[in-house]
Amino acid sequence: MKKLLCILALAAGISTAQAQIDAFTPKAVWNDTEGRPINAHGGGILKHKGTYYWYGEYKTGKTILPSWASWECYRTDVTGVSCYSSKDLYNWKFEGVVLKAVLDDPSHDLHPTKVIERPKVVYNKKTKKFVMWIHAESPDYSKACAGVAVSDSPTGPFEYIESFRPNDSMSRDQTLYVDDDGTCYQFTSSENNQTLHINRLTPDYLRPDGTFVRRFVGMAREAPAVFKYKNKYYMLSSGCTGWDPNEAQLAVADSIMGEWTVLGNPCTGPDADITFHGQSTYVIPVNPKKGQFIACFDMWNKRNLSDSRYIWLPLNIDKETDKITIPWHETWKY
């Protein structure tokens, strides 16, 4: 009997070792350490004390298209924001739903009938708080607000504070970026998604401080993802075509609130003109001093949103020209 138990334990150990992932396979089903598909859509990555945390929309249940819809506003009931943790970016442990739906208040931003998208979390070194911003939306997408939540831990629970329109302007697809001096900025699609606003936040990261700029005026950009390399700021974004993919665009600036120059589509390879069937969500600075970044995209399945996949690809920077490209790979390692 003891011998049998030893054999079973050995087999279990071998199985666990085989389950470890050591490469990225864009578009494939990506399971967590328990063998369940990772459910963290439209998300962002935070690195804190040597651990990466991936936050995203936790989409479960049936995908619906409301009967009143005049456009393809497919959605699932709000469940909340999920969190996964990893040491190596390949293997992710499910930490739970860290911002949960509010079931008993139909007026609450987190009620299942509402819409929450694009969760991003940053750490405030001064307040020692983890701050989450989301796109808080009504079912008909007329609310166009940002929602804010805070936690003492990267794995939550997060306490929801409020929603508002930053600087009295619409806010939909959005991301957060903390600069080297600790100042945090929100990049968000505004003015009915026609112009992007960059809002500087208060020192506690909970509200805009009143200073903002309008950029990419009339260019209809959404899904912003911001990173910094060699003292220049870059923004990856998509066009506005609903759930359907379109051509990505990269832009650069010498300062966040300064003028941005469009560089064009950085994607190369098959289906580069539709971002490999994906949409930008985040750029992970793996080792920014060495120019090592990972570009993260969502591959939306609009009729079954819980089965939407992930496309993570290396962001290549030419050592001589600093030209940035995102080439397609069936599988790759960093």
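These numbers were taken from a predicted model, which means no experiment stands behind them. (Residues numbered from 1 in each chain as written. Predicted model: local features only at pLDDT ≥ 70, side-chain atom pairs only at ≥ 80, totals over all residues. Heavy atoms only, no water.)

**Some points on the nonpolar core**
- Ranked by internal contacts, the top residues of the largest apolar core, which has 42 residues, are W54, W92, I284 and W312.
- Elements with a contribution of two residues or more to this core: β2 (51-57), β13 (221-229), β14 (232-239), β15 (249-253), β18 (279-287), β19 (292-299), β20 (309-317) and β21 (324-327).
- Among residues more than four places away in sequence, those in contact with W54 are W30, I38, A40, G44, I45, S82, C83, Y84, W92, Y310 and W312.
- Of all hydrophobic cores here, the second largest spans 19 residues; its members include L46, V81, A149 and F158. (Core = buried A, V, L, I, M, F, W, Y, C linked by side-chain atoms within 4.5 Å. Buried < 20%, exposed > 50% of the residue type's maximum accessible area, 1.4 Å probe, protein only. Helix = DSSP H or I, 4+ residues; strand = E, 2+ residues; numbered from the N terminus. Contact = heavy atoms within 4.5 Å.)

**Some details on the packing of aromatic side chains**
- Taken as a whole and assessed by the stated rule, the structure comprises 28 aromatic pairs.
- On the numbers, 5.2 Å between centres and 80° between planes, the contact of W71 with Y141 is edge-to-face. Of the two residues, W71 sits in the loop between β2 and β3 (80-86) while Y141 sits in the loop between β6 (129-137) and β7 (145-151), which places them 70 residues apart along the sequence.
- Since its relative accessible area comes to 13%, Y141 is described here as buried.
- Judged by centre distance (5.0 Å) and plane angle (45°), the ring pair of Y84 and F94 falls under tilted. Taken together, the positions of Y84 in strand β3 and F94 in strand β4 (residues 93-100) put the pair 10 residues apart, joining distant regions of the chain. (Phe/Tyr/Trp six-rings, centres within 6.5 Å; stacked < 30°, edge-to-face > 60°.)

**Focus: empty space enclosed by the protein**
- In this structure the tally under the stated criterion is three cavities of 30 Å³ or more.
- Size it by volume and the largest cavity reaches roughly 110 Å³.
- The wall of the largest cavity is formed by 16 residues, among which K59, T76, D77, V78 and I116 lie closest to the centre.
- Tallying contributions element by element places strand β5 (residues 115-124) first for the lining of the largest cavity, with three residues.
- The volume enclosed by the second largest cavity comes to roughly 70 Å³.
- What lines the second largest cavity is S238, T241, G242, W243, D244, P245, N246, H277, G278, Q279, D298 and W300.
- Split by residue class, the lining of the second largest cavity holds three nonpolar, seven polar and two charged. (1 Å grid on protein atoms, 1.4 Å probe; cavity = no way out; pocket = protein on both sides within 12 Å on 5 of 7 lines; lining within 4 Å. Points joined across faces, edges and corners; volume = space filled by probe spheres on them. Nonpolar A, V, L, I, M, F, W, Y, C, P; charged D, E, K, R; others polar.)

**What about the pattern of salt bridges?**
- In total, this model carries 19 salt bridges according to the counting rule given.
- In this structure, E137 and R172 form a salt bridge, with 3.3 Å as the shortest nitrogen-oxygen distance. Taken together, the residues span a long stretch of sequence, with E137 in strand β6 and R172 in the loop between β8 (159-164) and β9 (174-178) at a distance of 35 residues.
- On the basis of relative accessible area, E137 is assigned to the buried category, the value being 2%.
- Exposure remark for R172: the relative accessible area of 11% places this residue in the buried category. (Salt bridge = Lys/Arg side-chain N within 4 Å of Asp/Glu carboxyl O.)

**Overview of the sheet that holds β2**
- Taken together, the four strands give an open sheet; going across it, the order is β1-β2-β3-β4, and neighbouring strands pair in antiparallel fashion. Each edge of the open sheet is held by one strand with a lone partner, namely β1 (41-48) and β4. With strand direction ignored, the average angle separating the axes of adjacent strands in the sheet is 25°.
- Two elements, β3 and β4, share six bridges in a ladder whose sense is antiparallel. Residue pairing for β4: G80 is matched across the bridge by K100. (Pairing = 2+ DSSP bridges. Axes fitted to C-alpha atoms, helices over the stretch in contact; angles between N-to-C directions.)

**So, the layout of surface pockets**
- Reported here for the largest pocket is a volume of approximately 1100 Å³.
- K125, Y177, V178, D179 and D180 are, among the 40 residues lining the largest pocket, the residues nearest its centre.
- Of the residues assigned to the lining of the largest pocket, the class counts are 22 nonpolar, seven polar and 11 charged.
- Reported here for the second largest pocket is a volume of approximately 370 Å³.
- W71, Y141, N193, E222 and G242 are the residues nearest the centre of the second largest pocket, which is lined by 16 residues in total.

**Considerations on the confidence of the model for the chain**
- This prediction gives the chain a mean pLDDT of 94; 95% of its residues lie at or above 70.
- The low-confidence segment residues 1-18 (pLDDT under 50) makes zero contacts with residues lying over four places distant or belonging to another chain. (pLDDT = per-residue confidence, 0-100.)

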